[in-house]
Structures are given as C-alpha cells and as structure tokens.
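# Report on the structure
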Amino acid sequence: LSPSRPALAATDKTSFAYTTTRDRWPVIITKVIDGLYQTYHSLNKEESETELEFETKQKEAKAIIEEMGKIKYQLQRDKPLIPLEDDGESDVLMWHNVFNTYFHDKTWYSATWLFTECYLYRLVHSAFAKTKYWRNYDPFARQKEETFKASFVAVSELAKRINELTNGLLSSSSASSTEEEEQERRRIVFHELAQVCLWGNATDLSLLTNLSGDDVEKLQRGGRGTEALKESEKNILANDLDRVWEEKLKNLRNGRIDFVLDNAGFELYVDMVFADWLIQAGYASEIHFHAKRIPWFVSDTTPADFHWLLSAISNLSSSFSTQQQSDLTRLSTRWSSYLENKRWILHTHQFWTSPYAYWHLPDEAPDLFADICKADLVLLKGDLNYRKLVYDCKWEFTTPFVVAIGPLATIEGVPAILALRTCKADVIVGLPAGVEEKMEASGETNWLYSGKYAVVQYSLGKKD
Ligand code: F6P
Ligand code: MG
C-alpha cells in the first residue's frame, strides 16, 4: 500500500534529503560523540557500587563512541545499509522485516530518505540499548534541556497569557457578553493558541545544528504577540484553521483530543498550553499525548522529557520575579493534577519510532489505530509527522491533503486530523493554485525547508 509517486531520496543532489544526509547527520552524530565524551570524563568512581561496575561503564561508553564513529563513516561514504543487530528491543523483528523486504540492497543515499533517517536514530539507540549501564541514557537530553532553559523568557510570557485566558474563561459566564461575542472571543483565542502551537515547531534541534541560545530566543519571540501572529499567519501557505474551528471545535464539548507530539522543550510547552486551554474551555475532557519510546530525531519528546518539563517549570531559578514564578507554579500544579486525574494521558507506541509512513498505521499497528479512532480530533505536530502522513514522496504541490494522507482520510472510523507543521523538508501538498509559483519567484530558494513557512491542514475524517 503506497502512493504511485516516487519517494524522496538523498540521491537527488538538489534536495534537502541530500543536504541532510551529507551535512546535517554527521554534525548530529558528532554531537552525540562529544556529549558522551563529556559524560564519560565526568564519570565518578564513587557513583559506582564496585570497581567492576565503574570499569564496565567506561568500557561501554568507549564502545558506543566507536559505534557512532562507524555509523558516521558509513553514511558519509554512502556504504550499503547493514541490518540492525538484535539489541533485545521489542521492535527488532519489525525492522528486520522492513529491511529485508525493501532495503537490504540499498545504501545510505539510495534508500528512501524516510527510511534512512528513521534507521539512523534507531541505530544510535541500538548502540546504547546493547549496554548494561547506558540503556536508558538519552544522548540528546542535555541539548533538549539547555535549549528549553534558553527559552525561559518566552515560557514565562506564555504562562502569564494562559493564566489570563483561563481566568477569563472562569469569569466569562458572569460577564455581560452575549453568546455570539463569547464565541467570537473564543475563536480568536483558538487562532492565537493554535498558531503559538504551530510556530513552536520552528525550534527543532535537528535543524538548528548551529544556532545559539540567543537565536533560539529570537525565533520564539518572532512568533508571538497579536501583531507578530498576524504577520506570521501570512507565512502559513495553506491554512485550514477556520475550517477546524467551524467544522469541529466550535461545537465540541468534553471530547477527546490527541496530540501526536513532536519536539520536547519549548514546543512541548506550547502544546501543553494549548491542551490546557482546550480542557479549561470545555472542548476536551481528555487529552492524549503520544510521545516517542526512544530518543528520536534529536529533539522529539520522550516520557522522560515530558516529566522533566513539568518539574523544570516549577523549579525556576530565582532570577525570575515572584509573579513569574507564581504563574509558572500555577501551571505546573494544574498540569500535574491533569495527569493525576487522567485528563491528560501520556502514551508511547513503537509504531511512532518505526520507519512506516502513516498510511500503514491501520495494518501495522491496529491496536494504536483503534485507540486513535476514539479521538474526536488528532493533532499531528511537526515536520516528521507530516512527512509520514503524506508518505514522504514527490507529490504535485497542489495535491489535496486528503488525497496525500491516503487511508487516513478514507477508512471507516478514522478521526478528524489536523497537521500543524513548519516546513522543513522537500514535500508539501495542498497548496492553493499559484502559491508554488509565487514562492519560486520570491528568490527564497529554501522556502520548502527553512522552517519560515508552515501549513495547517485538516481532514474531516470518516466517523458517522
Ligand atoms: O531531517 C529531516 C527532518 O524531518 C527535517 O525535515 C526536520 O528538520 C527534522 O527532521 C524534524 O523536524 P520536526 O521536529 O519538525 O519533525
Ligand atoms: Mg522533531
């Protein structure tokens, strides 16, 4: 089951797939090596119970570093892909099946980009999974945490905003506004928060291989504030936000909304802000978050990142004002109580870290598909989720979104889907006529993958 379109691959030298394979991945792997070196050198004997334990930790770290070097060497020289070793993880058989069926005779460049990129992160994980003491070590955790700390200005501004909004909701029933005025106010807030949630995806660490903390802050500042939001709305090349509001959210009460998460840190924080409002405003009574089971695409959210964030915002440095601290503590307390009361539910599933495009979701992960079908609306965040939704192939850019997502638009029982994605890859669909030509004429040769532009695309689903 696949579209009859050629897949994206790094063999095309004009593609972002090529740049990614040639330039970005070696940097990403080098950072893993550097990080592990640092950790290795700061290993403390006292933290190990025995001399043997300490020595094993050291030996294992060296072996991982060596393996990272091998992966880097092989991909840089376009060597044939080699099968994943049995590292004891539950998904090895699935990887072997896909590998043997489609990729056993392919190289790092000739295989499809979606496969090689997923495979890269799975191989990295494998090096850790094979050890005793580094199995649960996340080589990207430090980057994720540091970038989030660099986002604290934006974080605290948004905390203030969401608290104002939820206070507003509580007092709105007693206010003298008419039903219509209240609906309009909510429509505007929806636009604001959905966009904050969308632009939060611009801070993806795999793309920002050379940005400083200041740059990250600028990026985040760029997308906020009512004026800034109006400006950035112009960069949404296909925008179904009004449709989602009119056709779904406006009339939804106490529904279930799922977030297929993308990046940890700032993006996860804005997802939580949006999810909070959806609960407080009564549209959802349950939010299901789908996180990654293993470290993935550098910055993707794992359960550990999810919990880390909740504690990070309640343990802020004293450089924040008392008011800022109390705004954030309020959030953290409320969000933790959502988790306790099962209004927020966190899931993982190995399908999200498989190489499969989402066209295969119903067949390859029927349990997950059945669960997702219980949602009233599923939000998929970010670039990778988008690539998987549309099968990461060379569509005409005007192909309707509902065509490009294949079975996820047509199978009986499939829920409404909303993709919120800043554009960071060669694939895009659903553009109105003339937009591609306008972008090509703009002189911005990297418009497809710079992260400056976005798409917000909706499929109504097929529930009765
Ligand atoms: O490297 C491939 C890619 O999908 C890019 O296109 C993007 O920069 C990154 O990985 C992941 O982006 P996101 O975090 O938005 O899924
Ligand atoms: Mg990501």
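What follows is about the site of ligand 1. As a structural note, the neighbourhood of ligand 1 is formed by 18 residues, with E117, D262, D383, L384 and K424 the closest of them. The separation between an oxygen atom of ligand 1 and a polar side-chain atom of R24 is 2.9 Å. Within the contact set of ligand 1, an oxygen atom lies 2.8 Å away from a backbone nitrogen or oxygen of L384. Across the complex, the protein chains shield 100% of the 390 Å² of accessible surface that ligand 1 would expose by itself. Elements with a contribution of two residues or more to the shell around ligand 1: α1 (16-41), α4 (113-129) and α16 (382-389). Looking at the shell around ligand 1 residue by residue, the classes come out as six nonpolar, five polar and seven charged.

If you walk across this open sheet you meet the seven strands as β1-β7-β6-β5-β2-β3-β4, and the pairing is mixed. Because the sheet does not close on itself, it has two edges, and the strands there are β1 (236-239) and β4 (344-348). The sheet shows a mean angle of 15 degrees between the axes of neighbouring strands, direction not considered. Here β1 pairs with strand β7 (residues 454-459) via three bridges, running parallel. When the bridges of β7 are listed, A238 appears paired with V455. Contacts from helix α12 (residues 303-314) reach β3 (284-291) and β4, with the element oriented near 150 degrees to β4.

Let's shift gears to the environment of V270. Along the chain, V270 falls in helix α11 (residues 266-280). Assessed through its relative accessible area of 1%, V270 is described here as buried. Excluding anything up to four places from it in sequence, V270 contacts L158, V196, C197 and G200.

Quick look at unusual backbone geometry now. Its identity is not glycine, yet K342 carries a phi of approximately 60 degrees, on the positive side. Within the secondary structure, K342 sits in the loop between α13 (322-340) and β4. One non-glycine residue with positive phi stands out, namely D392, at about 45 degrees. For D392, the location among the structural elements is in the loop between α16 and α17 (401-404). When its relative accessible area of 2% is taken as the criterion, D392 is described as buried.

For the rest of this paragraph, the subject is the coordination of the magnesium ion (ligand 2). The coordination sphere of the magnesium ion (ligand 2) contains the protein donors D262 (OD), N263 (OD1) and D300 (OD), at a distance range of 2.1 to 2.2 Å. For the magnesium ion (ligand 2), the single-chain donor residues occur in sequence as D-N-x36-D. By the burial criterion, D262 is buried, and N263 matches it.

All right, on to empty space enclosed by the protein then. Here the structure, examined in full by the defined rule, presents six cavities of 30 Å³ or more. Roughly 90 Å³ of internal volume is contained in the second largest cavity. Together, 13 residues line the second largest cavity, and L361, I372, V378, L408 and I417 are the ones closest to its centre. Those elements giving two or more residues to the lining of the second largest cavity turn out to be α15 (366-372) and β5 (377-381).

What follows covers the packing of aromatic side chains. According to the stated counting rule, one finds 38 aromatic pairs in the structure shown. Ring geometry for F16 and Y449: centres 4.4 Å apart, planes at 10 degrees, overall stacked. Of this pair, F16 sits in helix α1 while Y449 sits in the loop between α19 (435-441) and β7; the two residues are 433 residues apart in sequence, bridging distant segments of the chain. We classify F16 as buried; its relative accessible area is 6%. With relative accessibility at 22%, the residue Y449 sits in the partly exposed group. When the ring centre of Y133 is taken as reference, the NZ or CZ atom of K57 above it lies at 5.6 Å. Residue placement shows R387 over the ring face of W113; its charged tip is 3.5 Å from the ring centre.

This part covers the nonpolar core. Nonpolar side chains in soluble globular proteins tend to be buried together. Counting residues in each nonpolar core, the largest one holds 94 residues, and the members touching the most others are M68, V390 and I428. Per-element accounting of this core gives the leading share, eleven residues, to α4. When residues no more than four places from it in sequence are discounted, the contact partners of M68 are I29, V32, I33, V124, A127 and F128. The next biggest cluster of nonpolar side chains, apart from the first, holds 62 residues, and it includes C197, I236, A275 and A284.

Conventions used here
Residues numbered from 1 in each chain as written. Chains lettered and ligands numbered in written order. Predicted model: local features only at pLDDT ≥ 70, side-chain atom pairs only at ≥ 80, totals over all residues. Heavy atoms only, no water. Near = heavy atom within 4 Å. Polar contact = N/O pair within 3.5 Å; in protein donor to acceptor, adjacent residues only side chain to side chain. Areas by Shrake-Rupley, 256 points an atom, 1.4 Å probe, with all protein chains shown as cover. Helix = DSSP H or I, 4+ residues; strand = E, 2+ residues; numbered from the N terminus. Nonpolar A, V, L, I, M, F, W, Y, C, P; charged D, E, K, R; others polar. Pairing = 2+ DSSP bridges. Axes fitted to C-alpha atoms, helices over the stretch in contact; angles between N-to-C directions. Contact = heavy atoms within 4.5 Å. Buried < 20%, exposed > 50% of the residue type's maximum accessible area, 1.4 Å probe, protein only. Donors = N, O, S within 2.8 Å, 3.2 Å for Na, K, Ca; no water. 1 Å grid on protein atoms, 1.4 Å probe; cavity = no way out; pocket = protein on both sides within 12 Å on 5 of 7 lines; lining within 4 Å. Points joined across faces, edges and corners; volume = space filled by probe spheres on them. Phe/Tyr/Trp six-rings, centres within 6.5 Å; stacked < 30°, edge-to-face > 60°. Lys NZ or Arg CZ within 6 Å of the ring centre and 35° of its normal. Core = buried A, V, L, I, M, F, W, Y, C linked by side-chain atoms within 4.5 Å.

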